[in-house]
Amino acid sequence: LVLPPGSSRQPRPLIVALHGGWGSGKNMQDISGLDGPALAAGFVIAYTDGVMKAWNAGTCCATPMKRNIDDVGFLKAVVDDIAKTYGIDRQRVYGTGFSNGAMMLYRVACEAPGLFKAIAPVSGGPMFEGCKSPQPISAYLIQGRADPRIPFDGGEFEGNYRPGVLSIVGQLGQRAGCGKEQKQTWQDGDTSCATVQGCPGGVELSWGGLGGVGHQWAGGRTLLPGLLGQNTSRFNASRQIVLFFQRH
């Protein structure tokens, strides 16, 4: 748990950050560089550890999936504990995550829809079948267009189908009652971002497709580029995510 400097009489917002497979909370803190922009904006950050370095995101991944670990219950308990101890603002709790951690965000949004006000998944899509009581949620999806593990346009990896970013945006937009039109918000070569128009109730659905970027936290520390692909210094996911959460 990382706290902003100084004291505050007002309850502070909280970001719950979920590591990728074979990662840890400390690893997530190191690769994302989230501390800088989040602490400067007054957020508390919780870097959580999954069982055996993974999360039960449905049909992924590893031990938590095989043992049906209740990670939704765990994350609810984490937020409850932090709220009691540090007096955070329960109306401003946000979730971000990388890879398997990003997948987990979608499950939380489905099964505990009131926990996160908004989510920002990086390089990971939903890995469960349907949602029994879907509710709208603001989301900012960030994805490398050259990701070999989570194909930007959708595809199979290790026997699992990974849905494409625009397909996920369409599903979230339908859930929220948004329109079909999208407004471009960023263009730099083959890197582009857009926001879905006509979303009611203050819901925001945005996405970023990063040209030449692989399975990486954009703008953070590059991991195994020979296996996972390249990173970029021209788009900083942590800064963009903090700005997105501040709008909500």
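Please read these numbers as outputs of a predicted model, since none were measured by experiment. (Residues numbered from 1 in each chain as written. Predicted model: local features only at pLDDT ≥ 70, side-chain atom pairs only at ≥ 80, totals over all residues. Heavy atoms only, no water.)

### Focus: the overall build of the protein
Part 1: The number of helices and strands found in the protein is eight helices and ten strands.
Part 2: For the protein, whose C-alpha radius of gyration is 17 Å, the value lies close to the compact-globule estimate of 18 Å for 248 residues.
Part 3: Along the longest, intermediate and shortest principal axes, the C-alpha atoms of the protein span 45 × 40 × 40 Å.
Part 4: A burial count over the protein gives 56% of its 248 residues as buried.
Part 5: The contacts in the protein between residues at least 6 apart in sequence include a share of 60% that link residues at least 24 apart.
Part 6: For the protein, the exposed surface amounts to about 11,200 Å²; the carbon and sulfur share of it is 49%.
Part 7: Of the charged side chains in the protein, 23 are positive and 18 negative; the average position of the first set lies 5 Å away from that of the second. (Helix = DSSP H or I, 4+ residues; strand = E, 2+ residues; numbered from the N terminus. Rg over C-alpha atoms; globule rule 2.2 N^0.38 Å. Buried < 20%, exposed > 50% of the residue type's maximum accessible area, 1.4 Å probe, protein only. Contact = heavy atoms within 4.5 Å. Areas by Shrake-Rupley, 256 points an atom, 1.4 Å probe, with all protein chains shown as cover. Lys, Arg positive; Asp, Glu negative; His and termini not counted. Charge placed at Lys NZ, Arg CZ, Asp CG, Glu CD.)

### Overview of the sheet that holds strand β3 (residues 93-98)
Part 1: Overall, mixed pairing links the eight strands, which are arranged β2-β1-β3-β4-β5-β10-β9-β8 in an open sheet. The sheet is open, and its two borders are formed by β2 (44-48) and β8 (182-188), each paired with just one other strand. Here the strands of the sheet are splayed against their neighbours by 15° on average, with no regard to which way each runs.
Part 2: Note that strand β1 (residues 14-18) and β2 share five bridges and pair parallel. Looking across to β2, one finds that V16 is bridged to A46.
Part 3: Helix-sheet contacts for helix α1 (residues 25-32) involve β1, β2 and β3, and the interaxial angle to β2 is about 125°.
Part 4: The sheet contacts of helix α8 (residues 237-246) involve β1, β3, β4 (118-122), β5 (138-144) and β8, and relative to β4 the element is tilted by about 165°. (Pairing = 2+ DSSP bridges. Axes fitted to C-alpha atoms, helices over the stretch in contact; angles between N-to-C directions.)

### Regarding helix α5 (residues 100-111)
Part 1: The terminal C-alpha atoms of α5 lie 17 Å apart, and with twelve residues this matches the ideal 16 Å at 1.5 Å per residue to within 8%.
Part 2: Residues of α5 that are buried include every one of N100, G101, A102, M103, M104, L105, Y106, R107, V108, A109 and C110, and no others. (Expected span 1.5 Å × (residues − 1).)

### A few points about unusual backbone geometry
Part 1: The step from C60 to C61 runs through a cis peptide bond, and the omega angle for that step is 20°.
Part 2: For C61, the position within the fold is in the loop between β2 and α3 (62-66).
Part 3: Of note in this structure, N68 is not a glycine but carries a positive phi near 50°.
Part 4: Within the secondary structure, N68 is located in the loop between α3 and α4 (71-86).
Part 5: On the basis of relative accessible area, N68 is assigned to the exposed category, the value being 57%.
Part 6: With a phi close to 60°, S123 is a non-glycine residue in the positive phi region.
Part 7: Assignment of secondary structure puts S123 in the loop between β4 and β5.

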